[in-house]
Amino acid sequence: MPGFGFARTCLVVRHSVFVMVLRGFCCFALMFAAAFPALADMPLAVTAARVASNDARGRLVFDFDRKPDATVHYIGHPDRVVIDLPATDFTLPQTALQPVGLFRDIRYGAIDASHARIVLNMSRPAKVMATDVAENGEGGGYRLTIDAEMTDQKTFDKLVAAGGWNAAAYNSGRQARLAQDPPPSTGKFVIAVDPGHGGIDTGAISLDTHVPEKRITLAFGKAFAAALNKQPGIEAFLTRDTDRYLSLPERVTIARQKGANLFISLHADMLDQPSIRGATVYTLSDKASDHLAAEAADRENKSDEIGGVTVSHEPEAVNDILQDLTRRETQAFSISLANAIVSSFKGQVNLINNPHRSAGFRVLQSDDVPSVLIELGFLSNRQDEKLLLDPAWRAKVVSLLVEAVKAYRAPLVAGKG
Ligand SMILES: [Zn+2]
(Lines give C-alpha, C1' and ligand atoms only; values in the text may rest on other atoms or scores of the structure.)
Protein backbone atom coordinates (compact mmCIF):
# COMPACT_ATOMS: atom_id res chain seq x y z
CA MET A 1 0.00 0.00 0.00
CA PRO A 2 1.55 3.22 -1.20
CA GLY A 3 -0.12 5.17 1.52
CA PHE A 4 1.31 2.90 4.11
CA GLY A 5 4.71 3.07 2.44
CA PHE A 6 4.67 6.87 2.52
CA ALA A 7 3.54 7.01 6.04
CA ARG A 8 6.19 4.54 7.02
CA THR A 9 8.85 6.52 5.21
CA CYS A 10 7.70 9.64 6.98
CA LEU A 11 7.79 7.87 10.29
CA VAL A 12 11.31 6.59 9.63
CA VAL A 13 12.45 10.07 8.59
CA ARG A 14 10.76 11.68 11.54
CA HIS A 15 12.28 9.09 13.85
CA SER A 16 15.75 9.71 12.40
CA VAL A 17 15.39 13.43 12.82
CA PHE A 18 14.22 12.91 16.40
CA VAL A 19 17.16 10.63 17.14
CA MET A 20 19.57 13.15 15.61
CA VAL A 21 18.09 15.97 17.66
CA LEU A 22 18.13 13.81 20.76
CA ARG A 23 21.72 12.75 20.13
CA GLY A 24 22.71 16.31 19.56
CA PHE A 25 21.02 17.38 22.76
CA CYS A 26 22.62 14.56 24.71
CA CYS A 27 26.04 15.45 23.36
CA PHE A 28 25.49 19.05 24.29
CA ALA A 29 24.19 18.08 27.68
CA LEU A 30 27.20 15.83 28.28
CA MET A 31 29.59 18.53 27.17
CA PHE A 32 27.80 21.02 29.38
CA ALA A 33 27.87 18.59 32.29
CA ALA A 34 31.57 18.00 31.78
CA ALA A 35 32.25 21.71 31.70
CA PHE A 36 29.89 22.63 34.55
CA PRO A 37 29.34 19.61 36.80
CA ALA A 38 26.63 19.95 39.39
CA LEU A 39 28.09 21.35 42.65
CA ALA A 40 26.97 18.25 44.51
CA ASP A 41 29.24 16.06 42.37
CA MET A 42 32.30 18.22 42.86
CA PRO A 43 34.77 17.27 45.57
CA LEU A 44 34.66 19.36 48.71
CA ALA A 45 37.55 21.74 49.10
CA VAL A 46 39.64 22.26 52.23
CA THR A 47 41.24 25.66 52.01
CA ALA A 48 42.87 26.01 55.43
CA ALA A 49 43.63 23.91 58.50
CA ARG A 50 45.06 24.46 61.95
CA VAL A 51 46.31 22.22 64.73
CA ALA A 52 46.98 22.81 68.41
CA SER A 53 47.82 20.21 71.01
CA ASN A 54 49.58 19.54 74.24
CA ASP A 55 50.41 16.01 75.33
CA ALA A 56 46.94 15.39 76.80
CA ARG A 57 44.47 17.24 74.54
CA GLY A 58 44.44 18.45 70.97
CA ARG A 59 42.28 20.23 68.44
CA LEU A 60 42.27 20.14 64.64
CA VAL A 61 40.28 22.60 62.53
CA PHE A 62 39.62 22.25 58.79
CA ASP A 63 37.93 24.95 56.69
CA PHE A 64 35.64 23.46 54.01
CA ASP A 65 33.86 25.23 51.17
CA ARG A 66 30.72 23.19 51.87
CA LYS A 67 29.32 21.14 54.72
CA PRO A 68 31.35 17.94 55.17
CA ASP A 69 30.04 14.62 56.36
CA ALA A 70 32.65 13.05 58.62
CA THR A 71 32.93 9.58 60.14
CA VAL A 72 35.46 8.80 62.86
CA HIS A 73 36.96 5.40 63.51
CA TYR A 74 40.06 3.89 65.02
CA ILE A 75 42.82 1.59 63.83
CA GLY A 76 45.39 -0.09 66.06
CA HIS A 77 49.07 -1.01 65.54
CA PRO A 78 50.08 1.77 65.32
CA ASP A 79 47.30 3.68 67.05
CA ARG A 80 45.50 5.89 64.57
CA VAL A 81 42.36 8.00 64.47
CA VAL A 82 40.78 8.05 61.02
CA ILE A 83 38.29 10.62 59.73
CA ASP A 84 36.51 9.52 56.55
CA LEU A 85 35.13 12.19 54.23
CA PRO A 86 33.49 12.37 50.81
CA ALA A 87 35.80 13.29 47.91
CA THR A 88 37.80 16.29 49.10
CA ASP A 89 40.53 18.39 47.54
CA PHE A 90 43.04 19.51 50.13
CA THR A 91 44.75 22.64 48.93
CA LEU A 92 46.92 23.16 51.98
CA PRO A 93 50.49 24.31 52.29
CA GLN A 94 52.80 21.47 53.36
CA THR A 95 53.45 23.23 56.64
CA ALA A 96 49.80 23.73 57.62
CA LEU A 97 49.59 20.69 59.89
CA GLN A 98 52.88 20.06 61.65
CA PRO A 99 52.91 17.20 64.16
CA VAL A 100 52.47 18.45 67.72
CA GLY A 101 51.49 17.01 71.12
CA LEU A 102 49.02 14.13 70.72
CA PHE A 103 49.42 14.13 66.92
CA ARG A 104 52.63 12.40 65.87
CA ASP A 105 51.75 12.62 62.18
CA ILE A 106 48.82 14.11 60.25
CA ARG A 107 48.06 12.88 56.72
CA TYR A 108 45.18 13.56 54.36
CA GLY A 109 44.21 12.81 50.78
CA ALA A 110 42.04 10.82 48.40
CA ILE A 111 41.29 7.16 49.03
CA ASP A 112 39.42 6.72 45.73
CA ALA A 113 37.32 8.87 43.37
CA SER A 114 34.59 9.45 45.92
CA HIS A 115 36.32 9.21 49.29
CA ALA A 116 39.01 11.11 51.15
CA ARG A 117 40.56 10.51 54.52
CA ILE A 118 42.43 12.24 57.31
CA VAL A 119 44.72 9.88 59.25
CA LEU A 120 46.03 10.96 62.63
CA ASN A 121 48.95 8.98 63.94
CA MET A 122 48.78 9.38 67.69
CA SER A 123 51.75 9.73 70.02
CA ARG A 124 49.73 7.94 72.72
CA PRO A 125 46.31 6.27 72.85
CA ALA A 126 43.71 8.99 72.30
CA LYS A 127 40.06 9.32 71.50
CA VAL A 128 37.91 11.86 69.71
CA MET A 129 35.83 13.60 72.37
CA ALA A 130 33.80 15.81 70.05
CA THR A 131 33.46 16.85 66.46
CA ASP A 132 31.74 19.98 65.39
CA VAL A 133 30.62 21.15 61.96
CA ALA A 134 29.71 24.80 62.08
CA GLU A 135 29.11 27.48 59.51
CA ASN A 136 32.04 29.84 59.24
CA GLY A 137 31.05 33.39 59.96
CA GLU A 138 32.59 35.86 57.57
CA GLY A 139 34.76 33.73 55.32
CA GLY A 140 31.82 31.51 54.35
CA GLY A 141 31.97 27.73 54.14
CA TYR A 142 32.07 25.31 57.05
CA ARG A 143 34.52 24.49 59.80
CA LEU A 144 35.14 20.93 60.95
CA THR A 145 36.61 20.82 64.46
CA ILE A 146 37.97 17.61 65.95
CA ASP A 147 38.81 17.49 69.67
CA ALA A 148 40.93 14.59 70.88
CA GLU A 149 42.03 13.63 74.36
CA MET A 150 44.43 11.07 75.83
CA THR A 151 42.97 7.78 76.99
CA ASP A 152 44.35 4.42 78.15
CA GLN A 153 45.32 1.56 75.85
CA LYS A 154 42.39 -0.59 76.98
CA THR A 155 39.84 2.07 76.04
CA PHE A 156 41.57 2.65 72.71
CA ASP A 157 41.55 -1.07 71.89
CA LYS A 158 37.82 -1.14 72.67
CA LEU A 159 37.28 1.74 70.23
CA VAL A 160 39.21 -0.11 67.53
CA ALA A 161 37.01 -3.17 68.09
CA ALA A 162 33.79 -1.14 68.15
CA GLY A 163 34.22 0.48 64.73
CA GLY A 164 33.18 4.05 64.04
CA TRP A 165 30.38 6.46 64.66
CA ASN A 166 28.99 9.01 62.28
CA ALA A 167 30.06 12.43 63.36
CA ALA A 168 27.27 13.99 61.31
CA ALA A 169 24.70 12.48 63.65
CA TYR A 170 26.10 14.64 66.45
CA ASN A 171 26.39 17.83 64.50
CA SER A 172 23.76 20.08 65.91
CA GLY A 173 25.44 23.28 64.82
CA ARG A 174 27.31 23.72 68.05
CA GLN A 175 29.89 21.61 69.75
CA ALA A 176 28.58 18.13 70.39
CA ARG A 177 30.28 16.75 73.43
CA LEU A 178 30.47 13.04 72.93
CA ALA A 179 30.23 11.32 76.23
CA GLN A 180 33.41 9.51 77.04
CA ASP A 181 32.51 6.58 79.26
CA PRO A 182 31.31 8.64 82.20
CA PRO A 183 33.36 8.05 85.33
CA PRO A 184 31.59 5.57 87.57
CA SER A 185 29.45 7.73 89.84
CA THR A 186 29.63 6.79 93.49
CA GLY A 187 27.35 9.67 94.43
CA LYS A 188 30.30 11.07 96.37
CA PHE A 189 31.93 14.46 96.19
CA VAL A 190 35.15 13.72 94.30
CA ILE A 191 38.34 15.70 94.94
CA ALA A 192 41.51 15.57 92.87
CA VAL A 193 44.54 16.26 95.07
CA ASP A 194 47.45 17.26 92.87
CA PRO A 195 50.96 17.11 94.41
CA GLY A 196 52.95 19.60 92.31
CA HIS A 197 56.01 18.58 90.28
CA GLY A 198 57.53 15.07 90.35
CA GLY A 199 60.12 12.96 88.58
CA ILE A 200 62.47 15.05 86.45
CA ASP A 201 60.70 18.21 87.65
CA THR A 202 61.90 18.74 91.23
CA GLY A 203 60.24 22.12 91.70
CA ALA A 204 61.89 24.50 94.15
CA ILE A 205 64.70 23.31 96.44
CA SER A 206 64.60 24.25 100.10
CA LEU A 207 67.15 26.75 101.36
CA ASP A 208 68.98 24.87 104.13
CA THR A 209 68.06 21.21 103.84
CA HIS A 210 67.86 21.04 100.03
CA VAL A 211 64.63 19.04 100.07
CA PRO A 212 62.90 19.27 96.68
CA GLU A 213 59.40 20.75 96.50
CA LYS A 214 58.13 17.59 94.74
CA ARG A 215 58.76 15.54 97.91
CA ILE A 216 57.02 18.06 100.18
CA THR A 217 53.96 18.27 97.92
CA LEU A 218 53.69 14.47 97.71
CA ALA A 219 53.81 14.11 101.49
CA PHE A 220 51.16 16.84 101.88
CA GLY A 221 49.05 15.35 99.09
CA LYS A 222 49.04 11.88 100.61
CA ALA A 223 48.10 13.21 104.05
CA PHE A 224 45.40 15.48 102.59
CA ALA A 225 43.82 12.75 100.43
CA ALA A 226 43.82 10.30 103.37
CA ALA A 227 42.14 12.89 105.63
CA LEU A 228 39.51 13.70 102.98
CA ASN A 229 38.75 10.02 102.49
CA LYS A 230 37.82 9.78 106.18
CA GLN A 231 34.99 12.28 105.59
CA PRO A 232 31.56 10.87 104.85
CA GLY A 233 30.39 11.56 101.29
CA ILE A 234 33.84 12.62 100.12
CA GLU A 235 36.24 10.69 97.93
CA ALA A 236 39.73 11.95 97.14
CA PHE A 237 42.38 10.69 94.76
CA LEU A 238 45.94 11.76 93.97
CA THR A 239 46.98 12.74 90.43
CA ARG A 240 50.32 11.13 91.29
CA ASP A 241 51.15 8.97 94.30
CA THR A 242 54.79 8.30 93.41
CA ASP A 243 57.78 10.38 92.35
CA ARG A 244 56.83 10.56 88.68
CA TYR A 245 56.57 13.31 86.14
CA LEU A 246 53.13 14.47 85.00
CA SER A 247 52.66 17.32 82.56
CA LEU A 248 50.29 20.13 83.54
CA PRO A 249 47.67 19.20 80.90
CA GLU A 250 47.85 15.57 82.06
CA ARG A 251 46.96 16.65 85.61
CA VAL A 252 43.94 18.61 84.33
CA THR A 253 42.81 15.72 82.13
CA ILE A 254 43.21 13.05 84.83
CA ALA A 255 41.01 15.12 87.16
CA ARG A 256 38.26 15.50 84.58
CA GLN A 257 38.39 11.88 83.45
CA LYS A 258 37.99 10.72 87.05
CA GLY A 259 34.96 12.94 87.49
CA ALA A 260 36.53 15.36 89.98
CA ASN A 261 34.24 18.00 91.52
CA LEU A 262 37.28 19.92 92.77
CA PHE A 263 40.94 20.14 91.85
CA ILE A 264 43.48 21.24 94.45
CA SER A 265 47.13 21.59 93.42
CA LEU A 266 49.73 21.72 96.20
CA HIS A 267 53.01 23.63 95.97
CA ALA A 268 55.73 25.40 97.96
CA ASP A 269 57.16 28.47 96.29
CA MET A 270 60.62 30.02 96.10
CA LEU A 271 61.65 33.68 95.87
CA ASP A 272 64.85 35.70 95.70
CA GLN A 273 63.65 37.69 98.73
CA PRO A 274 64.13 35.33 101.69
CA SER A 275 62.08 37.54 104.01
CA ILE A 276 58.77 36.85 102.25
CA ARG A 277 56.78 34.05 103.84
CA GLY A 278 53.29 32.66 104.23
CA ALA A 279 50.70 30.73 102.24
CA THR A 280 48.97 31.95 99.07
CA VAL A 281 45.85 30.57 97.36
CA TYR A 282 45.71 31.06 93.60
CA THR A 283 42.86 30.87 91.13
CA LEU A 284 42.95 31.25 87.35
CA SER A 285 42.69 34.60 85.60
CA ASP A 286 43.66 35.90 82.16
CA LYS A 287 45.30 38.92 83.72
CA ALA A 288 47.45 38.38 86.80
CA SER A 289 46.19 40.06 89.98
CA ASP A 290 49.70 41.39 90.66
CA HIS A 291 53.39 41.02 89.90
CA LEU A 292 54.00 38.28 92.46
CA ALA A 293 51.12 36.18 91.07
CA ALA A 294 52.35 36.59 87.46
CA GLU A 295 55.82 35.41 88.47
CA ALA A 296 54.48 32.48 90.49
CA ALA A 297 52.46 31.34 87.43
CA ASP A 298 55.58 31.64 85.25
CA ARG A 299 57.55 29.50 87.70
CA GLU A 300 54.87 26.82 87.94
CA ASN A 301 54.18 26.79 84.19
CA LYS A 302 57.86 25.98 83.56
CA SER A 303 57.07 22.40 84.56
CA ASP A 304 56.13 21.42 80.99
CA GLU A 305 59.34 22.93 79.66
CA ILE A 306 61.39 20.99 82.23
CA GLY A 307 59.60 17.76 81.32
CA GLY A 308 60.32 18.30 77.61
CA VAL A 309 56.62 18.44 76.75
CA THR A 310 55.64 20.16 73.50
CA VAL A 311 53.55 23.17 74.25
CA SER A 312 51.57 24.69 71.41
CA HIS A 313 49.28 27.65 71.69
CA GLU A 314 46.08 26.82 73.42
CA PRO A 315 43.60 25.32 70.95
CA GLU A 316 41.44 28.03 69.46
CA ALA A 317 38.10 28.27 71.20
CA VAL A 318 35.02 27.20 69.33
CA ASN A 319 32.39 29.91 69.64
CA ASP A 320 30.26 28.28 72.19
CA ILE A 321 28.17 30.30 74.57
CA LEU A 322 27.41 27.30 76.77
CA GLN A 323 31.11 26.60 77.20
CA ASP A 324 31.69 30.24 78.15
CA LEU A 325 28.95 30.02 80.74
CA THR A 326 30.42 26.81 82.15
CA ARG A 327 33.82 28.46 82.39
CA ARG A 328 32.42 31.48 84.20
CA GLU A 329 30.46 29.30 86.61
CA THR A 330 33.55 27.15 87.29
CA GLN A 331 35.50 30.33 87.95
CA ALA A 332 32.97 31.48 90.54
CA PHE A 333 33.22 28.12 92.33
CA SER A 334 37.04 28.27 92.27
CA ILE A 335 36.96 31.69 93.92
CA SER A 336 34.51 30.45 96.52
CA LEU A 337 36.85 27.55 97.38
CA ALA A 338 39.84 29.93 97.57
CA ASN A 339 37.89 32.13 99.99
CA ALA A 340 36.99 29.11 102.13
CA ILE A 341 40.66 28.11 102.33
CA VAL A 342 41.82 31.63 103.26
CA SER A 343 39.13 31.85 105.99
CA SER A 344 40.11 28.46 107.35
CA PHE A 345 43.82 29.40 107.43
CA LYS A 346 43.26 32.82 109.01
CA GLY A 347 44.84 33.06 112.46
CA GLN A 348 46.10 29.47 112.17
CA VAL A 349 48.56 29.51 109.29
CA ASN A 350 50.84 32.34 108.25
CA LEU A 351 49.35 34.00 105.17
CA ILE A 352 51.00 36.55 102.88
CA ASN A 353 49.32 39.92 102.27
CA ASN A 354 46.27 39.55 100.03
CA PRO A 355 46.45 35.75 100.29
CA HIS A 356 43.99 35.12 97.44
CA ARG A 357 45.64 36.02 94.15
CA SER A 358 45.14 35.01 90.54
CA ALA A 359 47.17 34.46 87.35
CA GLY A 360 47.39 32.24 84.26
CA PHE A 361 48.36 28.94 85.87
CA ARG A 362 48.14 26.23 83.19
CA VAL A 363 47.23 23.57 85.76
CA LEU A 364 44.08 25.53 86.69
CA GLN A 365 42.74 25.71 83.13
CA SER A 366 39.96 23.18 83.41
CA ASP A 367 36.69 24.48 81.93
CA ASP A 368 34.44 22.50 84.21
CA VAL A 369 36.34 21.54 87.39
CA PRO A 370 36.69 24.32 90.01
CA SER A 371 40.43 24.52 90.66
CA VAL A 372 42.84 26.21 93.07
CA LEU A 373 46.59 26.11 93.54
CA ILE A 374 47.98 26.52 97.05
CA GLU A 375 51.51 27.71 97.67
CA LEU A 376 51.80 26.39 101.22
CA GLY A 377 54.77 28.60 102.01
CA PHE A 378 58.19 29.69 100.71
CA LEU A 379 61.12 27.27 100.66
CA SER A 380 63.30 30.38 100.36
CA ASN A 381 62.29 31.45 103.89
CA ARG A 382 63.92 29.66 106.84
CA GLN A 383 60.86 29.70 109.10
CA ASP A 384 58.57 28.47 106.32
CA GLU A 385 61.08 25.80 105.35
CA LYS A 386 61.09 24.45 108.90
CA LEU A 387 57.29 24.32 108.99
CA LEU A 388 56.96 22.75 105.51
CA LEU A 389 59.19 19.87 106.67
CA ASP A 390 57.40 19.45 110.00
CA PRO A 391 54.85 16.57 110.09
CA ALA A 392 52.94 18.24 112.93
CA TRP A 393 52.47 21.47 110.93
CA ARG A 394 51.50 19.38 107.89
CA ALA A 395 48.78 17.61 109.92
CA LYS A 396 47.46 20.97 111.15
CA VAL A 397 47.33 22.46 107.62
CA VAL A 398 45.69 19.30 106.27
CA SER A 399 42.92 19.44 108.87
CA LEU A 400 42.34 23.15 108.08
CA LEU A 401 42.13 22.29 104.38
CA VAL A 402 39.58 19.56 105.12
CA GLU A 403 37.53 22.12 107.09
CA ALA A 404 37.73 24.48 104.10
CA VAL A 405 36.48 21.80 101.70
CA LYS A 406 33.60 21.01 104.08
CA ALA A 407 32.72 24.72 104.35
CA TYR A 408 32.79 25.02 100.55
CA ARG A 409 30.61 21.98 100.11
CA ALA A 410 28.04 22.70 102.83
CA PRO A 411 25.85 25.14 100.80
CA LEU A 412 26.02 22.80 97.78
CA VAL A 413 24.75 19.87 99.83
CA ALA A 414 22.08 22.07 101.46
CA GLY A 415 21.05 23.31 98.00
CA LYS A 416 20.49 19.74 96.88
CA GLY A 417 18.33 18.85 99.82
ZN1 LIG B 1 55.49 24.37 92.50
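Up top you'll find the structure we're talking about.
Just so it is clear, the model here is predicted, and its values are computed rather than measured.

J.: I tried to follow the overall build of the chain on my own but got confused; where do I start?
T.: Along the backbone of the chain there are 9 helices and 17 strands. At a minimum sequence separation of 6, the contacts of the chain that also span at least 24 residues come to 77%.

J.: What is the right way to read the pairing of strand β8 (residues 126–135) from this model?
T.: Consecutive side chains of a regular strand alternate in pointing toward one face of the sheet and then the other. The sheet contact formed by β8 and strand β9 (residues 142–150) spans 9 bridges and is antiparallel. Of the residues in β9, the one forming a bridge with Val133 is Leu144. Where β8 folds back on β9, the antiparallel hairpin that results is connected by 6 residues, among which Gly140 adopts a positive phi of roughly 80 degrees.

J.: Would you take a moment to explain helix α5 (residues 291–301) for this structure?
T.: Along an α-helix, a turn takes 3.6 residues, which lines up residues three or four apart on a common side. Those residues of α5 that fall on the buried side of the exposure criterion are Ala293, Ala296, Ala297 and Glu300. Around the axis of α5, the buried residues are gathered within 100 degrees of arc, so they sit on the same side. Lining the buried residues of α5 we find β14 (262–269), β15 (279–284), α6 (303–306), β16 (351–359) and β17 (371–378).

J.: What is the right way to read the sheet that holds β14 from this model?
T.: Taking strand neighbours across the sheet as the criterion, the 6 strands line up as β13-β12-β14-β17-β15-β16 in an open arrangement whose pairing is mixed. Edge positions in the sheet fall to β13 (234–238) and β16, since each of these pairs with one other strand and no more. Neighbouring strand axes in the sheet, compared pairwise and without regard to direction, differ in orientation by 20 degrees on average. As defined by bridge partners, β15 adjoins β17 across 3 bridges and the pair is classed as antiparallel. Looking across to β17, one finds that Thr280 is bridged to Glu375.

The rules behind the values
- Residues numbered from 1 in each chain as written.
- Predicted model: local features only at pLDDT ≥ 70, side-chain atom pairs only at ≥ 80, totals over all residues.
- Helix = DSSP H or I, 4+ residues; strand = E, 2+ residues; numbered from the N terminus.
- Contact = placed C-beta atoms within 7 Å.
- Pairing = 2+ DSSP bridges.
- Buried ≥ 20, exposed ≤ 12 C-beta atoms within 10 Å, placed from the backbone.
- Arc of directions from axis to C-beta.
- Axes fitted to C-alpha atoms, helices over the stretch in contact; angles between N-to-C directions.

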